[in-house]
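Residue-level structural notes
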Amino acid sequence: MNKANNMAPLSGKRTVITGGGSGIGADMALAFAEAGAEVTITGRRREALEATAKRHPAINIQVADVTREADMVALFETLGAVDVVIANAGAAESAPFVRTGLDQWQRMLEVNLTGVFLTLREGLRQLRDGGRLIAVASTAGLKGYAYVAPYCAAKHGVVGLVRSLAQEVAGRDITINALCPGFTETPLLEASIATIVSKTGQSPDQARAHLQANNPGGRLIDPAEVTDTALWLCGPHSRAIHGQAISISGGET
């Protein structure tokens, strides 16, 4: 569990986090609430959102699908003015490229790229001066990985989107950045490990070790490390950090 720190004076700041029912999104929700923010988390699974919201009274929920334009328009119209928008929702699937179907390609683009586009577009419309936009991308937005071409393409798109939007809003007191974690201890990672096991016959420990080997330190990233970076981006000492894709990966290249 992440503890609030004095780097991010977030008292009363209205914060929206997509994909807030588990993993990085849930960790962020709790940390931002502990830092004084009024947090709204979104996702498709009400039960998961409610489980996260029970952890702090400043966390509220809204069921919404980031791939549906109507959902995102209605979400931000309902919320009104906001201060921090974190486009975190995502999903991963793997397959050899020649066995990647168009449906899988479209699913990966819809949730990982279109969902970020809709979240940031509608969030920007409601963003107060001094606001912060953050997209949770991945090291897959900075490099390639085998067997996840659609996922990598989508995450590269997120980084490009952030860089482009940064130029548009540069004259305003707004920043936008992408966070690019390496393999992180989340339910999404556990699903990836299960896929590796089923397709290769490796043991879960072998599959985990394979993913850990991408980090020069031989470990997985903790969600709190991603959260701490997001808190810093919302603090007073990061106003010049704009249009960046910040690798949180222990030096992975």
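Definitions and cut-offs
Residues numbered from 1 in each chain as written. Predicted model: local features only at pLDDT ≥ 70, side-chain atom pairs only at ≥ 80, totals over all residues. Heavy atoms only, no water. Salt bridge = Lys/Arg side-chain N within 4 Å of Asp/Glu carboxyl O. Helix = DSSP H or I, 4+ residues; strand = E, 2+ residues; numbered from the N terminus. Buried < 20%, exposed > 50% of the residue type's maximum accessible area, 1.4 Å probe, protein only.

**Comments concerning the pattern of salt bridges**
A full pass over the atoms with the stated rule returns 11 salt bridges. With a closest N to O distance of 4.0 Å, Glu-50 and Arg-46 form a salt bridge. Of this pair, Glu-50 and Arg-46 both sit in helix α2 (residues 46-53), four residues apart, roughly one helical turn. On the basis of relative accessible area, Glu-50 is assigned to the partly exposed category, the value being 35%. Judged by relative accessible area, which is 45%, Arg-46 ranks as partly exposed. Close ionic contact of Glu-252 with Lys-143 constitutes a salt bridge, the shortest N to O distance being 3.1 Å. Placement of the pair is Glu-252 in the segment after β7 (245-248) and Lys-143 in the loop between β5 (127-136) and α5 (149-168), with a sequence separation of 109 residues. Relative accessible area serves as the criterion here: at 10%, Glu-252 is assigned to the buried category. Among the charged side chains, a network of salt bridges with common partners joins Glu-69, Arg-121, Glu-122 and Arg-125.

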